[in-house]
Structures are given as C-alpha cells and as structure tokens.
Amino acid sequence: MTVRYRDGIEIELSDGTRVVCDADDPDGDVNIVSHAHGDHLPTGERTVVCSALTAALGTARREEPLHRTTDERVELVPAGHVAGSRAAVITDPDGTRYCYTGDVCTRSRCYLDGFEAPDVDVLVTEATYGEPEYVFPDHDSVVADIDEWLTATEEPVLLFGYALGRAQKLQLLADRAGKQVYTTDAVQRVNDAIEDHLDVRFPVDSYDEETDLTTGDAVVLPMTTTRIDWIEQLAENAGAATAGFSGWAVDSSFRFRGNFDAAFPLSDHCDFEELCGLVAAADPEQVYTQHGSGDAFAEHLTSEGYDARTIKQNQTTLGDF
Ligand SMILES: [Zn+2]
C-alpha cells in the first residue's frame, strides 16, 4: 500500500483501489473533497465523496456544479476547519484504517464542532502551524480581544478574512458588537449556502463601492481583496480602521505586512499543541504531514517516537502499510 502526494493525496488500498483526496483533477476510483476552499476543490463538474454543504459551497463558488456521492469504504467526520469540512476515515479491505484530515481544527468555535481524531493506523495530517512558536491564545480570549477592539473603535472598520470561514465568524462577531455589518456578494453566496445547511443566520447587508460608510459600520471583506493600495484608498475615504485575522497574527509581522491597524490570531487551523494532541489521539503507526511546517512537525513527531515523515508533491512514499 502506498500514500502519495501527486495531484492531491493518493492512497492505494491493498486491492488496488486508488483513493484520491483534494485533487485539482481527481482521477481516483474514489475521489474525496474535504472542504470548499479553493486549493482543495476540483476544477470542472465532478462527483465526489464530500459533505452536502461542501457540495453546495463548491457549486456556489465555482462555475460548474459539484455533486456528492458516498462510498462504503469512506466515513466522513467533522474536521472543524470551516462549515462543511470533513476528515475522511478510509478502511482498507485488509482492515487498515487511514485518516486524511484535510485542513483541520480541534477547537469548537461559533457553529463548528472541533475535530475529534479517530483511532487509525495511518494518519495524513496538515501541519500548517506545526512548529512550537505557533501556539494560539485560547479561542475565548481572542474573541474577547476582538470584541473589545470592535466596541472601542467608533470609525467604520474593514475586517479581512477568507470568504469561507473567517468571514462568517467576523460577521457574527461584528453584529454582536453592535455594528451594522456589510459584506460582498461573494461572501453572501457562501453565507446563503451555509444558512441552508446549518442553524445559523448572518445579519448582513450588501456592500459595494457606492455604500457610504459611517460610524458603527463594519465591512467584512475577503482576504483576496487585500490589495494594499485599494484598501488604503477605501480606508482613507471612509476614515476607516482595518483589521486582519489569521493564525499568522501570532507573529507581529503579519500586521505590518498587511498594513492593518489591528491583527488578531483568529484561526481555522490547529496550532502546534493541538496538532500534537490530534496525533496522540489518533495513535497511528505511521504519520504523514503536509502543508506549512510539514518538515518540522514530522521531525518533532519522530523525536517523540512516532514513525513520521513529511509528504512532498511528486515524491512517492512507500509506507509500512
Ligand atoms: Zn482550508
């Protein structure tokens, strides 16, 4: 059996079945999509194993529909990363259990349940923040800091976060702080799909270039619009304060690079300690790490006695399973 990183992660089962996860052009016998972020969605019209909400979001966010199917060898469990995100537990005919996390977060927050790692033989985990310096303050204190800043800031605020994930939490936090909340059509398409599937409502108005911003207004903008010149112009015209939200905000350079007035470590990923806890809970014989600090995290796990290695694109790794 083999775990490879080619176009997405490919797991070959003992009977030759190829399970392909989060590929751009998935060609496996079983194709899985963990969540509806752009770097995990396939191109074109596809039928994949995913949650109903990921299929709806994939359809809303792309030109062509994403259809959903199931497979008896694949169990999807909440990954806690964004609305609809799932980790895949794949059972080989020989009994070996694999878990592919996709992007993952073990902290329950807002309307998301944190990921609970299943007991598996082989774990393929993301390691975006897989180094000891990436430890986030607890979620409640981050939320309290954001609330304090929103409440204390009278001028309009521009809040930047990914269209799926951070943007929804920011709309809820700004509303709770008493702001009049605006967002773009792209974010509203994501809101609509989430509202259809989860018990949550986003109280928000449409924002466009004509919108006149005044005291107490908050605009939630997708991270993709963080073009510095455009933001500076908008912030200047509206007399607005800007804030960025990301796990990278644990490092002060995040605020300076984004030229934000404020930055908060609000993340949809595990931090280093949570990743360590996830691996301990899964108790695997073999760990593969990918993304971000994959190398450093595999080294750390090896020093802790795990059989761990980072999995790089187009490098074939022959596992023990
Ligand atoms: Zn993601």
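Residues numbered from 1 in each chain as written. Predicted model: local features only at pLDDT ≥ 70, side-chain atom pairs only at ≥ 80, totals over all residues.

**Things to note about the pairing of strand β11 (residues 157–161)**
Quick reminder of the rule: With C-beta atoms placed from the backbone, a residue is labelled by how many other C-beta atoms lie within 10 Å of its own: buried for 20 or more, exposed for 12 or fewer, partly exposed between the two. Strands here are runs of E lasting at least two residues and helices are runs of H or I lasting at least four, both read from the DSSP assignment and numbered beginning at the N terminus. We treat two strands as partners when DSSP finds at least two bridges between them.
Counting buried positions along β11 gives five out of five residues, so the element sits mostly inside the fold. Every second residue of β11 is oriented toward a common face, with Val157, Leu159 and Gly161 on one face and Leu158 and Phe160 on the other, all of them buried. Two elements, β11 and strand β14 (residues 217–222), share five bridges in a ladder whose sense is parallel. Residue pairing for β14: Leu159 is matched across the bridge by Val220. Two elements, β11 and strand β15 (residues 241–245), share four bridges in a ladder whose sense is parallel. Residue pairing for β15: Leu158 is matched across the bridge by Thr242.

**Quick notes on the nonpolar core**
Note the threshold: One nonpolar core equals one set of buried Ala, Val, Leu, Ile, Met, Phe, Trp, Tyr and Cys residues connected by C-beta atoms within 7 Å. Contact definition: two residues whose C-beta atoms, as placed from backbone geometry, lie within 7 Å.
Residues Ile32, Tyr100, Leu159, Val219 and Val220 are the most contacted members of the largest nonpolar core, which totals 92 residues. When near neighbours in sequence (up to four residues on either side) are disregarded, Ile32 contacts Val19, Cys21, Val48, Val49, Cys50, Val74 and Ala88.

**Describing the domain arrangement of the protein**
Put simply, the rule reads: Where a domain begins and ends is set by an automatic assignment or by a domain database. Classification used: nonpolar for Ala, Val, Leu, Ile, Met, Phe, Trp, Tyr, Cys and Pro, charged for Asp, Glu, Lys and Arg, polar for all others including Gly.
Once the domains are mapped, the protein shows domain 1 (2–133 + 269–318) and domain 2 (139–264). Between domain 1 and domain 2, the C-alpha centre-to-centre distance is 29 Å. By residue class, the composition of the side of domain 1 that touches domain 2 is eleven nonpolar, two polar and four charged.

**Quick word on the sheet that holds β14**
What counts here: The angle between two axes is taken between their N-to-C directions and runs from 0 to 180 degrees, where each axis is a line fitted to C-alpha atoms and a helix contributes only its stretch in contact.
Judged by pairing direction, the sheet is parallel, and its six strands sit side by side in the order β13-β12-β14-β11-β15-β16 without closing on themselves. Two strands lie at the open edges of the sheet, namely β13 (205–206) and β16 (262–264), each paired on one side alone. With two bridges joining them, strand β12 (residues 180–183) and β13 adopt parallel strand pairing. Counterpart to Thr183 in the pairing with β13 is Ser206. Contacts from helix α3 (residues 166–176) reach β11, β12, β14 and β15 within the one sheet, and its direction differs from that of β14 by about 175°. Helix-sheet contacts for helix α4 (residues 185–197) involve β12, β13 and β14, and the interaxial angle to β14 is about 85°.

**What to know about the sheet that holds strand β18 (residues 308–310)**
Pairing is mixed in the open sheet, where six strands are placed in the order β7-β8-β9-β10-β17-β18. Of all the strands in the sheet, just β7 (74–78) and β18 have a single pairing partner and so form its edges. Sheet twist, expressed as the average angle between the axes of neighbouring strands with direction ignored, equals 20°. Relative to the sheet, helix α7 (residues 272–282) contacts β9 (97–100), β10 (122–126) and β17 (286–290), its axis offset from that of β10 by approximately 165°.

**Notes on unusual backbone geometry**
Phi at Cys110 is positive, roughly 45°, even though this residue is not glycine. With respect to the helices and strands, the residue Cys110 is situated in the loop between β9 and β10. For Cys110, a count of 12 C-beta atoms within 10 Å gives the class exposed. One non-glycine residue, Asn259, adopts positive backbone phi at about 55°. Positionally, Asn259 belongs in the loop between α6 (253–258) and β16.

**Description of helix α8 (residues 294–303)**
Filter applied, for reference: Of all possible arcs, the one meant is that of the directions from the helix axis to the C-beta atoms.
Within α8 the residues assigned to the buried category are Gly294, Phe297, Ala298, His300 and Leu301. End-on view of α8: buried residues confined to an arc of 160°, all on one side of the axis. Each element contacted by the buried residues of α8 is listed here: α7, β17 and β18.

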